[in-house]
Amino acid sequence: MNPKSILLLITFFLFGVTLSAQYTEKINTNRPGTSQGAFSVGNNVLQLEGGIGFGKEKHKILNTKTNVFNFDYSVRYGLLIEQLELRLNGRFRADGVRQTIGGNEEKIKRSNFEVNTIGAKYLIYDPYKKPKKDSINYDALKSWKERYKFKWKSLIPAVSAYLGANFISSDNPFTAPNDDTFSPKIVVMTQNNWSTSLNGDWVLVTNLIVDKITTDDPIIGWIITSTHTINKKWAAFGEYQGQKSDFYSDNILRLGGAYLYQKDLQFDANIAFNFKDTPSIFTVSVGASYRFDWHNKDEIIEQPGLEGGVKEDEEGLEKKEDGEGEEDIEGELEEGEDGLEIENDSLKLLKTPFINDFEDDDFRNAIEKDLDERRTADRLERERIENEKLSKKEGKKFKKEEARRLKREAKEARKAEKAEQQAAKEKQKMIDDIDAELDKMEQEQGVDQELQDIDKELKELEKMEKELDIDNEKEQKKAEKKKEEEKEEDVDAEYEKYQKEQEKNKKAEEKRRKKEEKKRLKDEKKKKKEEEKRKNQEEKENDTNNSDVDKELEKMDQ
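Quick notes on the rules
Residues numbered from 1 in each chain as written. Predicted model: local features only at pLDDT ≥ 70, side-chain atom pairs only at ≥ 80, totals over all residues. Heavy atoms only, no water. Helix = DSSP H or I, 4+ residues; strand = E, 2+ residues; numbered from the N terminus. Buried < 20%, exposed > 50% of the residue type's maximum accessible area, 1.4 Å probe, protein only. Contact = heavy atoms within 4.5 Å. Areas by Shrake-Rupley, 256 points an atom, 1.4 Å probe, with all protein chains shown as cover. Patch = residues over 30% accessible without salt bridge, like charges linked within 9 Å, V, L, I, M, F, W, Y side chains within 5 Å. Salt bridge = Lys/Arg side-chain N within 4 Å of Asp/Glu carboxyl O. Lys, Arg positive; Asp, Glu negative; His and termini not counted. Charge placed at Lys NZ, Arg CZ, Asp CG, Glu CD. Polar contact = N/O pair within 3.5 Å; in protein donor to acceptor, adjacent residues only side chain to side chain. Pairing = 2+ DSSP bridges. pLDDT = per-residue confidence, 0-100. Phe/Tyr/Trp six-rings, centres within 6.5 Å; stacked < 30°, edge-to-face > 60°.

A. Spatial organisation of the overall build of the protein. Across its full length, the protein holds seven helices and 16 strands. Sorting the 558 residues of the protein into buried and exposed places 32% on the buried side. Once local pairs closer than 6 in sequence are excluded, the contacts in the protein between residues at least 24 apart make up 62%. Entry remark: accessible area of the protein is about 36,900 Å², with carbon and sulfur atoms responsible for 54%.

Below is the structure:
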């Protein structure tokens, strides 16, 4: 490292300018969030990240108000291989605490490092590392849907692990009283990169943190950060950070944005606040990111999933010029400087992604000319295929519509047939119910006729009884008369007379018994009729239904 570089490093460190990014053509920092991305900065790349913040804290229980000044910094360096990165990060804090006790107000000033950590990060798994040899996706060239549809494979994140060590001074006012001056820190990081031509780029980073695990107050933490590029210069982010320990637990939300001043320099700003009052936190921070790019290898850095590896020598470029190992060709819609998408076969509107600035311009122009010709041929072929697809699609669409129409008509016919059968069943059921009601009414009429016959028989019996009584009276008179006339008859004649009287009495008793039996039958019939009438009274509710049935029958007949 030359003296000028060291001087620049010290200058940016003092002003809080840092960087933290995976090696790309443009800087890609972790700021303004506090999470770590899964990718390293790249071999032989030094990046600095830093910022200053001002805020206020209020503690409801302790009745304190604190004015806070923060200075956070991070130094990252890619060492030996692309996957390995060394990192030094920390945060210096100075605050003034005002505490009201009774009528007195005390002021306390404190300053020290809250965090100082040095460690190494290693990329364990990269889902974009091994592309196919023939990286041209012909389905994407032919189909807009294939090109822009969501790919489930993009849900697989890159994974990294970080192992570091905390070192703090003794009697630090911002740490737990019994914290060790040296303690380990472990972080597992995941990162998803989603890039679309319509909605820009999205990055989702998650960190799972186990800190100070050898101390009396270990910390479990988690950070979720989402970043979205609005355009080539501006990006917005949101972050949720949680921390749990016996000494201090909190949930903090950060919102902010970043501006890319040039490819190696970025500025940012954010606000942070929490959701409790022991204490409540509100902080405003600004910062910047810068990188020293001493990377000496040409990398093909493209959209996630389209990386083409590392070019080691001139033969690799010659192979690319001859058409071997060609990268995935972008669509003919390129975004111009005015933000509009225009159709152009030339790649000169955008810099060829796998050629660095120090390459010879003639060589670049030759490659671009060759790619222009290939791209024009691909576009014409793509247009021909699209026209064929459109005609086939129209034919398939017509056949589908015709099949749907026939299916719909058949379904309606089946539905009408079922409705007709159901109506016929309901009509037959109504007719059966009416026949049952008529039979019931006929049975009731038969009972009434039987009662009338019984009444007629009873009347005849009463008439016969009256005639019998008259005959008895006549016979009695005759008997009395004969008795008077035949007082002198013998015992046999008297016995014979007695026998006749007994027979007469027996006949009268028989008639009386028959009459009582008829009355009993009549009473039973009446009782039965009353019971039937009571049942009919209970079934009067069905009369309304019968009238409705008649109306339905009339409607059906019509």
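B. Representation of a positive patch on the surface. A cluster of like positive charges, contributed by Lys56, Lys58, Lys65, Arg98, Lys107 and Lys109, occupies part of the molecular surface. One can find Lys56 in strand 1 (residues 45-59).

C. Inspection of unusual backbone geometry at higher detail. The omega angle of the peptide bond from Arg31 to Pro32 is 10°, so this bond is cis rather than trans. Along the polypeptide, Pro32 turns up in the loop between helix 1 (3-14) and strand 1. Cis geometry is found at the peptide bond from Thr278 to Pro279, where omega equals 0°. Here Pro279 shows up in the loop between strand 11 (265-274) and strand 12 (280-293). Not every positive phi belongs to a glycine, and Asn63 is a case in point at roughly 55°. Turning to its location among the elements, Asn63 is positioned in the loop between strand 1 and strand 2 (64-78). Residue Asn63 is classed as partly exposed on the basis of its relative accessible area, which comes to 41%. Phi is positive for Lys212, close to 55°, though the residue is something other than glycine. Within the secondary structure, Lys212 sits in the loop between strand 7 (200-211) and strand 8 (219-229). The buried category is assigned to Lys212, whose relative accessible area is 11%.

D. Focus on the pattern of salt bridges. Counted according to the given criterion, the structure contains 24 salt bridges. Here Glu85 makes a salt bridge to Arg76, at a shortest N to O gap of 2.4 Å. Taking the relative accessible area as the measure of exposure, Glu85 reaches 0% and is therefore buried. The residue Arg374 makes a salt bridge to Asp370 at a minimum N-O spacing of 2.7 Å. Within this pair, Arg374 and its partner Asp370 are both found in helix 5 (residues 361-485), separated by four residues, close to a single helical turn. Linked by salt bridges that have partners in common, Glu57, Arg91, Arg93, Asp95, Arg110 and Glu114 make up one network.

E. Representation of the side chain of Asn192. Relative to the helices and strands, Asn192 resides in strand 6 (residues 182-196). Look at Asn192 and you get buried, because its relative accessible area is 7%. Reaching out from Asn192, the side chain makes a polar contact with the backbone oxygen of Leu155 at a distance of 3.1 Å. Asn192 has contacts with Tyr128, Ser154, Leu155, Ile156, Pro157, Trp202, Val203 and Leu204, leaving out every residue within four places of it along the chain.

F. Representation of the pairing of strand 1 in the model. Burial analysis of strand 1 places 11 of its 15 residues in the buried class, the great majority of the element. Bridge count for strand 1 against strand 12 is 14 bridges, and the pairing is antiparallel. Paired with Val45 across the bridge in strand 12 is Asp293. Bridge count between strand 1 and strand 2: 14 bridges; the pairing is antiparallel. By the bridge assignment for strand 2, Gly55 is matched with Val68. Between the antiparallel neighbours strand 1 and strand 2 lie four residues, among them Asn63 with a positive phi of about 55°.

G. How the structure looks around the environment of Leu88. Position of Leu88 relative to the elements: it lies in strand 3 (residues 84-101). Here Leu88 falls in the partly exposed class, since its relative accessible area comes to 30%. Here the alpha-carbon distance between Leu88 and Arg76, two residues 12 residues apart in the chain, equals 6.5 Å. Not counting residues up to four positions away in its chain, the partners in contact with Leu88 are Tyr73, Ser74, Val75, Thr117, Ile118 and Phe167.

H. Focus on the confidence of the model for the protein. With 74% of its residues at a pLDDT of 70 or more, the protein shows a mean pLDDT of 77. Here residues 1-22 is modelled with pLDDT under 50, and outside its nearest four sequence neighbours on either side it reaches 69 contacts, counting other chains as well. Note that residues 298-359 has pLDDT below 50 and, in this model, 119 contacts with residues that lie over four places away or in other chains.

I. Spatial organisation of the packing of aromatic side chains. In this structure the tally under the stated criterion is nine aromatic pairs. Centroid distance Phe92 to Phe113: 5.2 Å. Interplanar angle 70°. Geometry classified as edge-to-face. Taken as a pair, Phe92 in strand 3 and Phe113 in strand 4 (residues 104-125) lie far apart in primary sequence, 21 residues in all. Classification of Phe92 as partly exposed rests on a relative accessible area of 26%. The class of Phe113 is partly exposed, set by a relative accessible area of 33%. Judged by centre distance (5.9 Å) and plane angle (75°), the ring pair of Phe273 and Phe275 falls under edge-to-face. Residue Phe273 is classed as partly exposed on the basis of its relative accessible area, which comes to 22%. Members of the aromatic cluster, each reached through a chain of ring pairs, are Phe71, Tyr73, Phe92 and Phe113.

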